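One-letter residues, chain by chain:
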Amino acid sequence: MNISIVTVGKLKEKYLKLGIEEYTKRLSSYSKIEIIEVPDEKAPEILSDAEMLQVKKKEGERILAKVPADAHVIALAIEGKQKSSEELADTIDKLGTYGKSKVTFIIGGSLGLSDEVLKRADDKLSFSKMTFPHQLMRLILVEQVYRAFRINRGEPYHK
Ligand SMILES: C[S@@+](CC[C@H](N)C(=O)[O-])C[C@H]1O[C@@H](n2cnc3c(N)ncnc32)[C@H](O)[C@@H]1O
């Protein structure tokens with residue numbers, strides 16, 4: 001399987017970089033994994049609703065340009081469907097079984113994802129009703145995808 005994670009903005013924090021490197025290294029024994037960063041749209045702190053929509057739209061265009069046409073797209077969205085780790089593992093397993101070799105996860109920028117990106121998504125995945133910073137979300141996602149492969153292989157992993 002080819003997994004890609006399309007995210008907005010550069011990862012700045014060293015502690016997150018180290019964690020993400022560790023899990024992507026572990027994941028690479030199970031799947032190809034690529035993290036694609038698209039530039040965030042520079043904007044002032046205070047924005048009108050119309051300006052916010054415009055920022056999300058521009059970032060969304062950059063995201064969609066990196067999504068292969070034949071990929072199964074899972075957008076991370078607070079209002080999406082919550083799953084257990086076992087359910088996410090099952091989703092990934094079924095995608096493999098049904099011949100979906102490309103799976104793209106999308107993490108939005110600080111304002112979230114545009115409607116266009118949400119429309120392109122085949123699934124919307126929520127990690128809880130809480131809002132996580134997008135850079136931290138990247139670390140949580142790679143750990144959960146790694147966990148999913150371990151579950152699917154029946155390999156032990158600390159609970
Ligand atoms: C800082 S959040 C954006 C917050 C924005 N107000 C919204 O409602 O989407 C940045 C990105 O991280 C991801 N994210 C943050 N918390 C999440 C959660 N609980 N579940 C799924 N994705 C989450 C989403 O992809 C989101 O677009």
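As the structure is a prediction and not an experimental result, all values here were calculated from the model. (Residues numbered from 1 in each chain as written. Predicted model: local features only at pLDDT ≥ 70, side-chain atom pairs only at ≥ 80, totals over all residues. Heavy atoms only, no water.)

## Concerning the overall build of the protein
Thinking step 1. Within the protein one finds 5 helices and 5 strands.
Thinking step 2. Against the globule reference of 15 Å for 159 residues, the protein gives a C-alpha radius of gyration of 15 Å, in line with a compact fold.
Thinking step 3. Each principal axis of the C-alpha distribution contributes one length, and for the protein these read about 50 × 35 × 25 Å.
Thinking step 4. Within the protein, buried positions represent 42% of all 159 residues.
Thinking step 5. Considering only residue pairs separated by 6 or more positions, the protein has 85% of its internal contacts joining residues 24 or more positions apart.
Thinking step 6. For the protein, the accessible surface area stands at approximately 9200 Å², while carbon and sulfur atoms represent 53% of it.
Thinking step 7. Taking the average location of the 27 positive side-chain charges in the protein and that of its 24 negative ones, the two points are 4 Å from each other. (Helix = DSSP H or I, 4+ residues; strand = E, 2+ residues; numbered from the N terminus. Rg over C-alpha atoms; globule rule 2.2 N^0.38 Å. Buried < 20%, exposed > 50% of the residue type's maximum accessible area, 1.4 Å probe, protein only. Contact = heavy atoms within 4.5 Å. Areas by Shrake-Rupley, 256 points an atom, 1.4 Å probe, with all protein chains shown as cover. Lys, Arg positive; Asp, Glu negative; His and termini not counted. Charge placed at Lys NZ, Arg CZ, Asp CG, Glu CD.)

## Side note on the site of the ligand
Thinking step 1. Around the ligand sit 19 residues in total, of which Leu 76, Phe 127, Ser 128, Met 130 and Phe 132 are the nearest.
Thinking step 2. Leu 76 places a polar main-chain atom, nitrogen or oxygen, 2.6 Å from an oxygen atom of the ligand.
Thinking step 3. In this structure, a nitrogen atom belonging to the ligand sits 2.6 Å away from a main-chain N or O atom of Met 130.
Thinking step 4. In this structure the site holding the ligand corresponds to the largest pocket. (Near = heavy atom within 4 Å. Polar contact = N/O pair within 3.5 Å; in protein donor to acceptor, adjacent residues only side chain to side chain. 1 Å grid on protein atoms, 1.4 Å probe; cavity = no way out; pocket = protein on both sides within 12 Å on 5 of 7 lines; lining within 4 Å. Sits in = over half its atoms within 2 Å of the grid points.)

## A short note on the UniProt feature "binding site: S-adenosyl-L-methionine" (unreviewed entry) in the protein
Thinking step 1. Listed under "binding site: S-adenosyl-L-methionine" (unreviewed entry) in the UniProt record, and renumbered for this structure, are Leu 76, Gly 108, Phe 127, Ser 128, Lys 129, Met 130, Thr 131 and Phe 132. Of the annotated positions mentioned, Leu 76, Gly 108, Phe 127, Ser 128, Met 130, Thr 131 and Phe 132 line the largest pocket.
Thinking step 2. Inspection of the secondary structure assignment puts Ser 128 in the loop between β5 (123–126) and α5 (134–152).
Thinking step 3. On the accessibility criterion, Ser 128 (17% relative accessible area) is buried.
Thinking step 4. Residues contacting Ser 128, with those up to four places away along its chain left out, are Ile 78 and Gln 82. (UniProt positions renumbered as here; feature names shortened; annotations may be inferred.)

## Observations regarding the sheet that holds strand β2 (residues 32–38)
Thinking step 1. Across the sheet, 5 strands lie side by side as β2-β1-β4-β3-β5; this open sheet has parallel pairing. Strands with a single pairing partner mark the edges of an open sheet, and in this sheet they are β2 and β5. Each neighbouring strand pair of the sheet contributes to a mean axis angle of 30 degrees, computed without reference to strand direction.
Thinking step 2. Judged from the 7 bridges that link them, strand β1 (residues 2–8) and β2 form a sheet pairing that is parallel. Counted as the bridge partner of Val 6 is Ile 36 from β2.
Thinking step 3. Taken strand by strand, helix α2 (residues 49–64) contacts β1, β2 and β4 (102–107), and its axis lies near 160 degrees from that of β1. (Pairing = 2+ DSSP bridges. Axes fitted to C-alpha atoms, helices over the stretch in contact; angles between N-to-C directions.)

## Observations concerning the layout of surface pockets
Thinking step 1. Its boundaries defined by the atoms lining it, the largest pocket holds a volume of some 400 Å³.
Thinking step 2. Around the largest pocket sit 23 residues that line it, and Leu 76, Ala 77, Ile 78, Gly 109 and Gly 112 are the ones nearest its centre.
Thinking step 3. When contributions to the lining of the largest pocket are tallied by element, the ones reaching two or more residues are β3 (72–82), β5 and α5.
Thinking step 4. Tallying contributions element by element places β3 first for the lining of the largest pocket, with 4 residues.
Thinking step 5. Looking at the lining of the largest pocket, its residues break down into 13 nonpolar, 8 polar and 2 charged.
Thinking step 6. Reported here for the second largest pocket is a volume of approximately 280 Å³.
Thinking step 7. Residue lining of the second largest pocket: 13 residues in total, with Asp 40, Glu 41, Ala 43, Ser 110 and Leu 111 positioned closest to the centre.
Thinking step 8. A breakdown of the residues in the lining of the second largest pocket according to their chemical character gives 5 nonpolar, 3 polar and 5 charged. (Points joined across faces, edges and corners; volume = space filled by probe spheres on them. Nonpolar A, V, L, I, M, F, W, Y, C, P; charged D, E, K, R; others polar.)

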